Amino acid sequence: MSSLAFNTLNEKQHEAVTTLEGPILIIAGAGSGKTRVITYRIANMLESGIPQSQILALTFTNKAAKEMEERVKELTGKKLQNLTISTFHAFGVKILRQDIEMLGWRSNFSIYDDVDRNQLIKETGRELGFTADALDVYKIGSLFSNIKIGRWDWESANDQYRKLYEEYQSGLKLYNAVDFDDLIGLPIKLFREFPEVLQKYRDRYKYIMVDEFQDTSIQQYLLMHAIADRNVAVVGDDDQSIYSWRGANYENILMFERDFPGVREIRLEQNYRSTETILAAANGVISNNTNRKDKALWSGNGSGKPIEIFMPENESAEADFICEMIQSLCISEKRSYGDFGVLIRANTLTRAIEEGFLQANIPYTVSGGTSFFQRKEIKDIISYLRVISNHDDDINLLRIINTPRRGIGRKTIEQINEIAKNQKCSLWTSINALISAQESPLADKMKIELESFVNMITEQRSLLLGGKGLAKKVRAMVDTVNYMDYLMQEYQKNEKAARFKFLNIEHLITSIDTWENNPDNFDTGLYAYLNRITLISRDDMEDDSLKGKVSLMTIHASKGLEFPVVFIAGAEEGLIPHARSLEEGDGNVEEERRLFYVAITRARDKLFISACRKRRKMQNVVDCTPSPFLDEIPANLVEYHEPQGEVSDDMALNILASMKNKFTM
DNA sequence: TTTTCTATCAGCAAC
DNA sequence: TGATAGAAAA
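Residues numbered from 1 in each chain as written. Chains lettered and ligands numbered in written order. Predicted model: local features only at pLDDT ≥ 70, side-chain atom pairs only at ≥ 80, totals over all residues. Heavy atoms only, no water.

When a strand is regular, its side chains alternate between the sheet's two faces. Here strand β11 (residues 307–310) shows a buried face lined by Ile 307 and Ile 309 and a second buried face lined by Glu 308 and Phe 310. Examined bridge by bridge, β11 and strand β19 (residues 638–641) share 4 bridges and lie parallel to one another. Each bridged residue has a counterpart across the sheet, and for Phe 310 the counterpart in β19 is His 641. Of the pairings in the sheet, the one linking β11 to strand β16 (residues 603–610) comprises 3 bridges and is parallel in character. By the bridge assignment, Phe 310 is partnered in β16 with Ser 610. (Buried < 20%, exposed > 50% of the residue type's maximum accessible area, 1.4 Å probe, protein only. Helix = DSSP H or I, 4+ residues; strand = E, 2+ residues; numbered from the N terminus. Pairing = 2+ DSSP bridges.)

For the peptide bond that leads from Thr 403 to Pro 404, omega is -5°, which places it in the cis range. By the element assignment, Pro 404 lies in the loop between α16 (394–401) and α17 (410–423). Of note in the backbone geometry, Asn 176 takes a positive phi value of approximately 55° without being a glycine. Among the structural elements, Asn 176 can be located in the loop between α7 (162–174) and β5 (177–179).

Take the packing of aromatic side chains next. Taken as a whole, this structure holds 20 aromatic pairs when the rule is applied. For the ring pair Trp 515 and Tyr 529, a centre distance of 5.1 Å and an interplane angle of 65° mean the geometry is edge-to-face. Within this pair, whereas Trp 515 is found in helix α22 (residues 495–516), its partner Tyr 529 is found in helix α23 (residues 526–534), the two being separated by 14 residues in sequence. For Trp 515, a relative accessible area of 10% gives the class buried. What makes Tyr 529 buried here is its relative accessible area of 1%. Each residue in the set Phe 310, Phe 321, Phe 340, Phe 567 and Phe 608 is aromatic and connected to the rest through ring pairs, giving one cluster. Positioned over the ring face of Phe 60 is Lys 559, at 5.4 Å from the centre of the ring. (Phe/Tyr/Trp six-rings, centres within 6.5 Å; stacked < 30°, edge-to-face > 60°. Lys NZ or Arg CZ within 6 Å of the ring centre and 35° of its normal.)

The 7 strands are arranged β13-β14-β12-β15-β16-β11-β19 in an open sheet whose pairing can be described as parallel. Since the sheet does not close on itself, it has two edges, and those belong to β13 (364–367) and β19, each with one partner. On average, each strand axis in the sheet is tilted by 20° relative to the strand beside it, whichever way the strands run. (Axes fitted to C-alpha atoms, helices over the stretch in contact; angles between N-to-C directions.)

Pairing of side chains with opposite charge becomes possible as their charged atoms draw close. Using the criterion set out here, one finds 40 salt bridges in the structure. As a salt-bridge pair, Lys 379 and Asp 116 come within 3.2 Å of each other at their nearest N and O atoms. Here Lys 379, found in helix α15 (residues 376–389), pairs with Asp 116, found in helix α5 (residues 114–127); they are 263 residues apart in sequence, far enough to count as distant. When sorted by exposure, Lys 379 lands in the same class as Asp 116, which is buried. Residue Glu 265 pairs with Lys 293 through a salt bridge whose shortest N-O separation is 3.8 Å. Of this pair, Glu 265 sits in strand β8 (residues 264–268) while Lys 293 sits in the loop between α12 (276–286) and β10 (298–299), and the two are 28 residues apart along the sequence. (Salt bridge = Lys/Arg side-chain N within 4 Å of Asp/Glu carboxyl O.)

Below you can see the structure in the form of structure tokens.
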């Protein structure tokens, strides 16, 4: 008898969980128990005797992958050593580490994130003699990305950057590095050119699942399609497609039906998450979209409380409002801080709200934005590790060669670069050539500096690559390079900042420690660690730290999550829909609406929305209008709190007191 | 030649 | 507000 509690599934869910053979398309509305269906389905496969090694589940975020794995582990009580649950990108890395040598890279290649990529574009562009205004790396970066993911081609794009693109590509190869888009693109290339490699994967994976299918790009679809035989289950919801700017293409659903004949479609339409009020609001909004599959999402959770819309004077009043609400709900409804999610459209909006939290002493975590791993001090340390593991990684070498300051400045680097360019070699090789050259153009002093840098890296390499205890060794390395002294010196005038950065590094080392002591982790080497962290952009390093804290994040980052109480802050025209999306055409407005829909449907019990009347933008204060989407919420579900005009402090306190009263009843 | 200081510019979403 | 490029100072 199966130990799985199938009786807790509804009829449709049950169908999805027990249909293991053949292609299926699961249309899963918001809150319809999608994650549950996927985890039960995997557990069911395992119970039916399908070996772990044959199962491949692809997700969008690390968070989702991790959560899925944990839930399957709970359900089955098994060790999951051979089960592959990973993000598309992590799966790509896995393939490339195995076989990238066939494409001319070495298997210890570095993975460049956007910052690294833009840096490389800038360097390459300068060499090619682009002027500063033609070298908008942000734009060029996204152009290149769009080319790589197959959204644009050179016919339609701006040709003047074509040469730069080619140089950029050969730069990557020279430095033994790949960028994020390559993590999907190169495996496809590998499969095309070396069918025997593809066959390995086709032989292994017999059951494939894809989560958030509406957000997969054409390339990701192709990667999946290359491996898949016919037992493929894709799960998605076209109303929650919010990544078209990253190449998501909901026409993949049509392609899927074409490429896999006999698709069985299963619709999950019962929402288990939200109150009827919240769901009706969401449905009211999304029904304004023309381009969608019609759906009848319903909830049996009772009508619940009305949605409240506030119009604070400015962003700091908004922050105060959110803080007050959270604190009064903690008392009146015995909520804990972990019950709240505060959602925003753009990372720049976090500041005011964070300040509010700090002032009110409310514990919180921010995810997305300048994530932990994007912080300068963390990137520096990671750059050391990357150069230690891959000497030819020029971008990371440049980052650290003079950090902390070693007196190796622009002129010296130019000379190194010159040699590298002439010899078509990496900077590392070029430095070594300079050191051992008899007649060198460099001053002796510089030679000594460079030599000690090279020796330090080489020494660290032999230390870090052998044996156990990575965390300890990293700490020793940080000491060896005197990084802490460097911080103190650089931030003399701002001791707080220095202390903060100091702590971040401690944090990093602790996280390495927990990582290597995790019993589920069999490879605790440096490569494995670097492998893992390049793909983590959100701070899902410590799960337990999330408990008891208010979550502050972008709407994009909130996908797949839920909170008992949700605040949507900054619901203003120009933010949602974002001003940029209006410039680009009306398809984008529909995506903005879907984004707003995703935000609403994160809420279980109660939803607050706020739209400021004025907001600081850059240096000046701008008048704001509420988002037009607010009018699309049926009026009977909403309590509007109109602005009172200028409110004196006394009055504000009174209003607060009465609000608190209302919630203590 | 390298470091430090000052002025200027620009800001959507993420693996 | 932060990052970055160019100018002045060491």
